[in-house]
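Now for the letters of each chain:
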Amino acid sequence: MKILKYILVIATSFVIASCSEDIMDNVNREQNDALEMDAKNLLPDILLKSAHETTGNDLAWYATVYVEHSAGTWGQSADADNRLGQNVSSVFNNAWNRVYDLLNICKIILDKTDPENGSESENYWVRGVAQVVAAYNLAVATDMWGEIPWTEACRGSLILKPKYENQSTIYGHINDLLDDAILNISKSTVVYRDKDFIYGDLPNDDANKEAWVKAAYSLKARYHMRLLERNPNASIDALAAIANG
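Residues numbered from 1 in each chain as written. Predicted model: local features only at pLDDT ≥ 70, side-chain atom pairs only at ≥ 80, totals over all residues. Heavy atoms only, no water.

Next up on the list: the overall build of the protein chain. Within the protein chain one finds 10 helices and 2 strands. In the protein chain, the succession of α and β elements from N to C terminus is α-α-α-α-α-α-α-β-β-α-α-α. Classification of the 245 residues of the protein chain by burial places 36% in the buried group. Residue pairs at least 24 apart in sequence account for 65% of intrachain contacts in the protein chain once pairs closer than 6 positions are excluded. Carbon and sulfur atoms form 53% of the exposed surface of the protein chain, whose accessible area is close to 14,800 Å². (Helix = DSSP H or I, 4+ residues; strand = E, 2+ residues; numbered from the N terminus. Buried < 20%, exposed > 50% of the residue type's maximum accessible area, 1.4 Å probe, protein only. Contact = heavy atoms within 4.5 Å. Areas by Shrake-Rupley, 256 points an atom, 1.4 Å probe, with all protein chains shown as cover.)

Dropping the structure here:
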C-alpha cells in the first residue's frame, strides 16, 4: 500500500510539473504554421488569386455571357444567357468574397511596407507590385458593382461597416496606386523574382522592374478611358500613359 502511495505522489508531481503555466500558454498555439509572414511571401498568393479567382472565375464567366462575347450552353452559364434565376447573392456573392479576400492580403502587404510606419518600409518592389495588383482588382470590383468600399475596407473588427465610395473616387484611388507603384518599382530595391509568377522568368531584375512599370502604365491607360464621360482629358491622359506601357 505504501508503494502505491509513493507511485501516486510521484505521478501527481509529474502532472503538476507538466501543467506549468508556460506549457499551458502554448497548448492551443499552432507550432508549425507562421502567424506572421514577410511581405514577399504574400505576393505569390495575390498573383495566383488574381489569375484564378478574378480573371478566370465567375466574374469573367458571367460577364462574357452578359455582354454576349459568348453563349451560355450548359448549367449556370445557360441560365445566365437566358437571364433565369439570376440574383446578386447567388451569382456574385462568392466573387465579392474572393475579391475582398485578395484585397485584404494586398492591404496587409501595403501596411507592412508602409514607408512611414511599416515593418518593411524599404521593401519598395514588393510594395509596388502589390499596388499594381490591388489597382487591377479594385478596377474589376468597381466595374462589376459600381460603388464599393476601399479607404475603410479590409480593417477587420476596427471598421465593421466600411463606407462605400462612388466609382469616380475609386478610380482616383486606382490611379494613385499605379502612380505610386511606378515610383516604388523604379527605385533601387530588392527584387524577389522567385516570388513573381507573372514576370519572374525574365532574365534579370531590371527587365522585371521594367515589365511591371509598363504593366502599370498600361492599366493607367485602360482606366483613364473608363472616365471619358467625367474627364474631358481622358483620351489625352490615356495616350500619354500608353506611350510608356
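Turning our attention to the environment of Glu 165. Locating Glu 165 in the fold gives a position in strand S2 (residues 164-165). Among the residues examined, Glu 165 registers a relative accessible area of 8% and is labelled buried. Sequence-wise, Glu 165 and Trp 150 are 15 residues apart; in three dimensions their C-alpha atoms are separated by 7.3 Å.

Quick look at the packing of helix H8 (residues 167-186) against helix H9 (residues 205-225) now. Where H8 contacts H9, the axes come no closer than 9 Å and their chain directions differ by 160°. Regarding the angle of H8 to H9, the classification is roughly antiparallel. Relative to H9, H8 is oriented so that their crossing is left-handed. Only Lys 209, Trp 212, Val 213, Ala 216, Tyr 217, Leu 219, Lys 220, Tyr 223 and His 224 of H9 make contact with H8, whose side of the interface consists of Tyr 171, Ile 174, Asn 175, Leu 178, Asp 179, Ile 182, Ile 185 and Ser 186. (Axes fitted to C-alpha atoms, helices over the stretch in contact; angles between N-to-C directions. Parallel < 35°, antiparallel > 145°, perpendicular 65-115°, else oblique. Left-handed = near helix turned anticlockwise from the far one by under 90°.)

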